[in-house]
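# Chains, contacts and geometry: an overview
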Amino acid sequence: PAQLKKLTRDLQDLSLRETGLPLFIAVDQEGGIISRIGFAKEKTPQSEINNPNEAYQVGLMQGEELKGLGVNLNLSPVLDTAKGDDFLFNRSFQKNPDEAGLLAKFLLKARGIAGILSAVKHFPGYGGISFNPEVSLAEVDAVPEISQFKKVMETKPEFVMTSNVIYKNLDPELPFTFSPTAIKFLKDNLGQEVLIISDDLAQNYLLEKFSL
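Residues numbered from 1 in each chain as written. Predicted model: local features only at pLDDT ≥ 70, side-chain atom pairs only at ≥ 80, totals over all residues. Heavy atoms only, no water.

A few words now on the sheet that holds strand E5 (residues 117–123). The strand order across the open sheet built from five strands is E1-E4-E5-E7-E9, with neighbouring strands paired in parallel fashion. With one partner strand each, in any of the chains shown, strand E1 (26–27) and strand E9 (195–198) form the two edges of the open sheet. As judged from the two bridges shared by E1 and strand E4 (residues 73–74), these two strands associate in the parallel manner. Among the inter-strand pairings, Val27 is bridged to a residue of E4, identified as Asn74. The sheet contacts of helix H5 (residues 180–190) involve E5, strand E7 (159–162) and E9, and relative to E7 the element is tilted by about 145°. (Pairing = 2+ DSSP bridges. Helix = DSSP H or I, 4+ residues; strand = E, 2+ residues; numbered from the N terminus. Contact = heavy atoms within 4.5 Å. Axes fitted to C-alpha atoms, helices over the stretch in contact; angles between N-to-C directions.)

Here is the structure:
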């Protein structure tokens, strides 16, 4: 913890000195199997959050812990609708879209009170994909359920993270993140002013198929 606090403090000092601007310092601290800060105390998996009060308490404890370490942006929660054989199932809320959206709202509300920004992910979703979508490019016929994303936008999350999937009914050629048609779909559904952050682009299949 002491090393991480010093690192984040030194990075912020450097940025302010060189640019006059503070940094977003982001982490994937979803809880459960994706907890990049392994020594953190609050690592409750999303699937174990069962009601709004639990979501609020997890968000508050998680947010206060991250804030104390100098991290100010959490790349979570995972809002993908996923079934048991989907790759992301273990990282999801494992609830129906209404329940997932409600739990995410309380998680984000508490996290915001603690001073932590959030990026909900991965719009519109990796649902229906059984393999790791970061290893090879996934193609699905249609956009999955997005009502849970619309619900959580009521709390005004600072970022929305996009998935790197080809949704054929939106754009049969380009992954969502690279498609102007897809980005328009996101803004039309979630808001024109939303800040967008991509999922990981440093993947061999993307580097091989698309130029810088």
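The structure having been displayed, the exposition proceeds.
For the rest of this paragraph, the subject is the pattern of salt bridges. With the rule as written, the count across this model stands at eight salt bridges. Among the salt bridges present, the one from Asp188 reaches Lys184, with a minimum N-O distance of 2.7 Å. Of this pair, Asp188 and Lys184 both sit in helix H5, four residues apart, which is roughly one turn of the helix. Through salt bridges that share partners, Asp28, Glu30, Arg36, Arg91 and Lys121 make up one connected network. (Salt bridge = Lys/Arg side-chain N within 4 Å of Asp/Glu carboxyl O.)

The next point concerns the environment of Ala138. For Ala138, the location among the structural elements is in strand E6 (residues 138–140). In sequence terms Ala138 and Ser163 are 25 residues apart; their C-alpha atoms lie 10.0 Å from each other.

Time to look at the packing of aromatic side chains. With the rule as written, the count across this model stands at six aromatic pairs. Judged by centre distance (5.8 Å) and plane angle (70°), the ring pair of Phe123 and Phe176 falls under edge-to-face. Remark: Phe176 occurs in the loop between strand E8 (165–167) and H5 and Phe123 occurs in strand E5; sequence separation between them is 53 residues. Like Phe176, Phe123 is buried. For the ring pair Phe123 and Phe185, a centre distance of 6.1 Å and an interplane angle of 35° mean the geometry is tilted. (Phe/Tyr/Trp six-rings, centres within 6.5 Å; stacked < 30°, edge-to-face > 60°. Buried < 20%, exposed > 50% of the residue type's maximum accessible area, 1.4 Å probe, protein only.)

The next subject is H5. All of the buried residues along H5 are Ala182, Ile183, Leu186 and Leu190. The arc that holds the buried residues of H5, viewed along the axis, is 100°, so those residues lie on one side. The outward face of H5, more than 90 degrees from its buried face, is lined by the exposed residues Pro180 and Lys184. In this fold, the buried residues of H5 make contact with E5, helix H4 (147–152), E7 and E9. (Arc of directions from axis to C-beta.)

This brings us to the side chain of Asn72. As for its position among the elements, Asn72 is in the loop between helix H2 (52–69) and E4. Of note is the side chain of Asn72, whose polar atom sits 2.9 Å from the backbone oxygen of Leu23. From its side chain, Asn72 meets the backbone nitrogen of Ile25 in a polar contact 2.7 Å long. If we skip the residues at most four places from it in the chain, Asn72 touches Gln12, Leu23, Phe24, Ile25, Gly115, Ile116 and Leu117. (Polar contact = N/O pair within 3.5 Å; in protein donor to acceptor, adjacent residues only side chain to side chain.)

Right, let's get into unusual backbone geometry. Across the junction of Ser76 and Pro77, the peptide omega takes the value 15°, indicating a cis bond. Take Pro77: it is sitting in the loop between E4 and helix H3 (97–113). Cis geometry is adopted by the peptide bond preceding His122, which originates at Lys121 and carries an omega value of -10°. As for its position among the elements, His122 is in strand E5. Backbone geometry at Gln94 places phi at a positive 60°, although glycine is not the residue there. With respect to the helices and strands, Gln94 occurs in the loop between E4 and H3. By relative accessible area, Gln94 is classed as partly exposed at 35%.

Mapped onto the fold, Ser15 is located in helix H1 (residues 2–19). For Ser15, a relative accessible area of 10% translates into the label buried. Excluding anything up to four places from it in sequence, Ser15 contacts Gly20, Leu21, Pro22 and Leu23.

With that settled, the discussion passes to the nonpolar core. Generally speaking, soluble globular proteins have nonpolar side chains that are buried together. Of all hydrophobic cores here, the largest spans 32 residues; its most connected members are Phe93, Phe123, Val160 and Phe176. Counting only elements with at least two residues in this core, the list comes to H2, H3, E5, E6, H4, E8 and H5. If one sorts the elements of this core by residue count, H3 sits on top with five residues. Residue contacts for Phe123: discarding those within four places in its chain leaves Ile146, Phe149, Val160, Met161, Thr162, Ser163, Phe176, Phe185, Leu186 and Leu190. Counting residues in hydrophobic clusters, the runner-up holds eight residues, among them Val27, Ala40, Leu66 and Ile116. (Core = buried A, V, L, I, M, F, W, Y, C linked by side-chain atoms within 4.5 Å.)

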